[in-house]
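# Summary of the model geometry
Chain by chain, the residues run as shown.
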Amino acid sequence: MLNIFSKIFGSTNDKEVKKYNKRAMAINALEAQFENLSDEELKEYFQTLKQEVQENKRSLNDVLNESFAITREASRRTLNMRHFDVQLVGGMVLHDGRIAEMKTGEGKTLVATLAVVLNAMVGKGVHVVTVNDYLASRDAKELEPLYNFLGFSVGAITGDIHDEKLRKEQYAQDITYGTNNEFGFDYLRDNMKYDLEEKVQREHFFVIVDEVDSILIDEARTPLIISGPTNRNNIDYAKANEIAMKLEKGERIEPKRADEQPIITGDYIVDEKNKAVLLTEEGTEKAEKLFEVDNLYSLENAMLSHHLDQALKAHNVFEKDVDYVVQNNEVIIVDEFTGRLSEGRRYSDGLHQALEAKEGVRIQDESQTLADITFQNYFRMYDKLAGMTGTAQTEATEFAEIYNLDVVSIPTHVVVQRVDKNDLIYKSEREKFEAVCKKIQEYHTSGQPVLVGTASIEKSEHLHSLLKAAKVPHTVLNAKQHEKEGKIIEDAGQKGAVTIATNMAGRGVDIKLTEETLALGGLAIIGTERHESRRIDNQLRGRSGRQGDVGISQFYLSLEDNLLRIFGSDKIKGIMERLGIEEGEHIESSMVTRAVENAQKKVESMHFESRKHLLEYDDVANKQRKVIYSFRNDLLNPEFAIGAKLDENRAEYVSNLLSNCEIFDGMQSEDFDLEKIIVKLKEELNLVVTANDLKTEDYTQLNERLYQILTEVYNDKMSLAAPEQRSEIERILYLQMLDKAWREHLYAMDTLKTGIGLRGYNQKDPLVEYKKESYNMFIELISSIKHEVVKILFTVQLRNKDDEQRDQEILDKMVAQMEAQQENLKTNLHNDVVIEKKIARNEPCPCGSGKKFKQCCGISGPKKGLVSGN
């Protein structure tokens, strides 16, 4: 019924496109006016527009038509490329903070320039996010002439720029290209700096994310983490691996009747849908014997059960050459969406170490989170977020719910001529690959180029061996050969070319066809397996039929494929059995293709819930992160009144001290336990006070008296330092204390998150429990930071510069005398050794006078400048 109404009245998307098309016509009407201007006149006109925007005389929406028309004219002159009307529509969609869904080959890179130029007028910087360093560098370089013509500077942030000053320069440009990882990690690193000037990023104003579905959805389950070494001992991962190999895999046999219980066999069962491994009772008992413990799940053995769980996952859920590869004695993750190697990335929570133990390579140390953020929360910091992709409509709900982004599907400039055939389904994987080989041979014989998509490195290498046996010349493009990617892709559109590719062929790859290959039917696409996400399949199909070219695509599937085996094969298997499908035969129908797509929808829905779940947990941490980072930025600001903040902390310290000593408002002064206060002050602040010092009439007076004593003693000690030095010491020590406490808090939050799921067994919502616990932990963190800062600043020792120099001169003189008197000890009295072991001021003076060093040879001169604080 909805489809009928859409055809009669037009869909919401059609109405949006119609509205944008109307404005595109108004932009076209300005074309002749700007064509007649010289370069200088065009530049001058644009600068006037820019000035009006910056002086708030006109809004960006007011100048959009003129800006787009000028950008199109400037692009024609500098790049020899003129924006089509559909590209103008795409630019407007981006400016409105929405997602422009444009088919592959529609020139999304050029579309972005319209919104980039318009928003760069404000002068707050525009970021354009691409999926890899190569595209970031290429786009910045190729589009620089256009941006420079209009008076804008361009930068690119790539992984090979290590110099912080250079990175800061790139961010300071009007327009900056880079990858999502580089932007995200720079944000985290900036919030670990000790000087505002060292920060590389500026404000987060407007960002356009290219391949937005890949970055905001596929990679959203992987948070960005900066980690450092832990001080905790390594667990014996090898032992957990050894025990995992001794346990037997079982299965869950579902009952035939509703009143019967399922039968569970073996030591553990594997839940492939949720990628989890569950120990049975027998398995738990066996593991306890092998670990030689009484209770695997007791508190002291918690890490043993955790590492056994990870070892079982490593053996049963993660596959070599599918999820990871082993290169140079290291386990390297393979990105499931691009097929590329994710060097430098490691699985968290001990899983990577479990894989290293499984593969027998060196087990690297576990790390601790120092700072982390999800892509969802990083990109939601921008005032305005927009995106482009060829495949977004299938995830429109998620974009709307998580990012508040609408998806607008923009028609192609030229009608797509590619033919997308129904899937072919075989009973076994062997039959499927035999059919694929046969079809490849047909295409190769006719000369039509073919691109074959595989779901993993393992499958691409299996197909490679079959084609090699059949003597079909071909090239393989997978994570192991990604250095040769450019050359392989260049040749993929040549006559008779056969290219096997993992998912990495999907993003930012342009396969050029010749007139001859177009006459043979264009590029043929063969998918050897459906991906869990329909978007990845659509990306593979989109390699063919670019900009109105002819082409063909078809997927070959089997009931043994992971997607069908886990999520949807029963219905299809029933159809095949009813039809009596023989060895080597297949079924092909739109009904079966729909059944496969329904299986994909199930998985997509499951992953959406997983990402939403991750975000719900990260939102809790994100609120805390914002508070800490905001206060951190205040501390970095030289204008921040740190003295007032420390006064506030001291007042709170006094209130807490009285409370801990069980002294409360309303109590009689004779009931005050002053001895407790005296002991606490000595213990925590090394401050000596007497009962006389604290003699007061009531609680309020005692509170004020304590605050006065603490303030006077502190100010007296800090008077050694000049005012600017004092605030610098206070600022740096406060920052160090804050960072240390935040790191420990992150570790505690990680630990809490790991075990919180068990609360569900107690009929409690784990998320609600997590929010409650983490809130209490955060309140405790803030209180603890204030308390520790008061303690550290009170106990820090400041040295006078003249004291330091005088001590050094005396020591040097003494060393010279001792060397002259005791020739035989000369080698043991090197200057550096003596200086390293300085004489403490309260120790007996080495001259033999019997006095303390500070009252004899160590008498200080007049006090002047500050040297150091510790």
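Residues numbered from 1 in each chain as written. Predicted model: local features only at pLDDT ≥ 70, side-chain atom pairs only at ≥ 80, totals over all residues. Heavy atoms only, no water.

## Re the overall build of the chain
Heads up, the rule is: Only DSSP runs of H or I with at least four residues qualify as helices, and only runs of E with at least two residues qualify as strands; both kinds are numbered from the N terminus onward. The rule is simple: take the accessible area with a 1.4 Å probe, protein chains only, and divide by the maximum for that residue type; under 20% is buried, over 50% is exposed, in between is partly exposed. Between two residues, a contact is recorded if the distance between any of their heavy atoms is within 4.5 Å. Areas reported as accessible are Shrake-Rupley estimates using a 1.4 Å probe. Residue values count occlusion only from the protein chains shown.
Scanning the chain from N- to C-terminus turns up 31 helices and 25 strands. Residue burial in the chain is summarised as follows: out of 870 residues, 48% are buried. For the chain, the share of sequence-separated contacts (at least 6 apart) that also reach a separation of at least 24 residues comes to 72%. Of the roughly 43,300 Å² of accessible surface on the chain, 49% is carried by carbon and sulfur atoms.

## Remarks on the side chain of Gln170
Considering the arrangement of structural elements, one finds Gln170 in helix H9 (residues 164–172). Here Gln170 is in contact with Gly155, Ala156, Ile157, Ile161 and Thr176, once residues within four sequence places are set aside.

## Describing the nonpolar core
Keep this limit in mind: For this analysis, a nonpolar core means a set of buried residues of the types Ala, Val, Leu, Ile, Met, Phe, Trp, Tyr and Cys, connected via side-chain atoms within 4.5 Å.
Counting residues in each nonpolar core, the largest one holds 79 residues, and the members touching the most others are Phe379, Phe399, Ile677 and Leu681. Sorting elements by how many residues they give to this core places helix H28 (residues 723–756) first, with eight residues. Dropping the residues within four chain positions of it, Phe399 is found in contact with Ile99, Val212, Asp213, Leu216, Ile217, Ala392, Asn404, Leu405 and Val407. Formed by 57 residues, the second largest nonpolar core is a distinct cluster that contains Val63, Val86, Leu146 and Phe205.

## Focus on the sheet that holds strand S11 (residues 324–327)
Defined as follows: Here a strand pair is declared whenever DSSP counts at least two bridges between the two strands. Throughout, an axis means a line fitted to C-alpha atoms (over the contacting stretch in the case of helices), and angles, computed between N-to-C directions, take values from 0 to 180 degrees.
Spatial ordering of the open sheet is given by S11-S12-S13, a layout of three strands whose pairing is antiparallel. Two strands bound the open sheet, and with one partner strand each, they are S11 and strand S13 (341–342). Pairing of strand S12 (residues 330–334) with S13 involves two bridges; the strand directions are antiparallel. Looking at S13, one finds that Ile333 is bridged to Ser342. Packing of helix H15 (residues 351–359) onto the sheet brings it into contact with S11 and S12, and relative to S12 it is tilted by some 125°.

## Some points on unusual backbone geometry
With a phi close to 60°, Glu292 is a non-glycine residue in the positive phi region. Here Glu292 shows up in the loop between helix H13 (281–291) and helix H14 (302–316).

## A few points about the pattern of salt bridges
For clarity, the cut-off: For salt bridges, the criterion is a side-chain nitrogen of Lys or Arg within 4 Å of an Asp or Glu carboxyl oxygen.
Here the structure, examined in full by the defined rule, presents 51 salt bridges. Of the charged contacts in the structure, one is a salt bridge between Lys676 and Glu662, with a shortest N-O distance of 3.8 Å. One end of the pair, Lys676, is in helix H26 (residues 674–685); the other, Glu662, is in the loop between helix H25 (642–660) and H26, and 14 residues separate them in sequence. On the accessibility criterion, Glu662 (52% relative accessible area) is exposed. Via salt bridges that share partners, Glu16, Lys19, Arg98 and Asp406 belong to a single interconnected network.

## Brief notes about H13
Applied cut-off: For this quantity, the arc is that covered by the directions from the helix axis to the C-beta atoms.
When H13 is considered as a whole, its buried residues turn out to be Gly283, Thr284, Ala287, Glu288 and Phe291. With its buried residues spanning 135° around the axis, H13 presents them on a single face. Exposed side of H13, more than 90 degrees from the buried face: Glu281, Glu285 and Lys289 are the residues found there. Where H13 terminates, the next one or two residues include Glu292, which has phi positive at roughly 60°.

## Focus: the packing of aromatic side chains
Rules: Within 6.5 Å between ring centres, the rings of Phe, Tyr and Trp (the latter by its six-membered ring) count as paired, and their orientation is classed by plane angle as stacked under 30 degrees, edge-to-face over 60, tilted in between. For a ring to carry a charge above it, either NZ of a lysine or CZ of an arginine must fall within 6 Å of the ring centroid while also lying within 35 degrees of the normal to the ring plane.
A full pass over the atoms with the stated rule returns 16 aromatic pairs. Note on Tyr187 and Tyr629: the rings are 5.9 Å apart at their centroids and 65° apart in plane angle, and the pair reads as edge-to-face. Residue Tyr187 is located in helix H10 (residues 180–190), and its partner Tyr629 is located in helix H24 (residues 590–636); the two are separated by 442 residues in the primary sequence. Centroid distance Phe399 to Tyr403: 6.4 Å. Interplanar angle 45°. Geometry classified as tilted. Of this pair, Phe399 and Tyr403 both sit in helix H17 (residues 396–403), four residues apart, which is roughly one turn of the helix. One aromatic cluster is present, formed by Tyr187, Phe375, Tyr378, Phe379, Tyr382 and Tyr629 through successive ring pairs. Above the face of the Phe206 ring, Lys384 is positioned so that its terminal group lies 4.8 Å from the ring centre.

## Structural notes on the confidence of the model for the chain
Short version of the rule: The predictor attaches a confidence to each residue, and that confidence, scored 0 to 100, is pLDDT.
Across the chain, pLDDT averages 83, with 86% of residues at or above 70. In the model, residues 821–838 has pLDDT below 50 throughout and makes eleven contacts with residues more than four positions away in sequence or in other chains. Contacts from residues 860–870, a stretch scored under 50 in pLDDT, to residues over four places away or in other chains number 34 contacts.

## As for the sheet that holds strand S16 (residues 407–409)
Within a sheet, each strand pairs with its neighbour through backbone hydrogen bonds, oriented either parallel or antiparallel. In space, the seven strands of this open sheet follow the order S3-S4-S2-S5-S15-S1-S16, with parallel pairing throughout. Only two strands of the sheet have a single partner each, and these edge strands are strand S3 (154–157) and S16. Within this sheet the neighbouring strands show an average axis-to-axis angle of 20°, counted without direction. Sheet analysis places strand S5 (residues 206–210) next to strand S15 (residues 384–389), joined by five bridges and oriented parallel. Residue Val207 lies in a different strand from S15, and its bridge partner there is Leu385.

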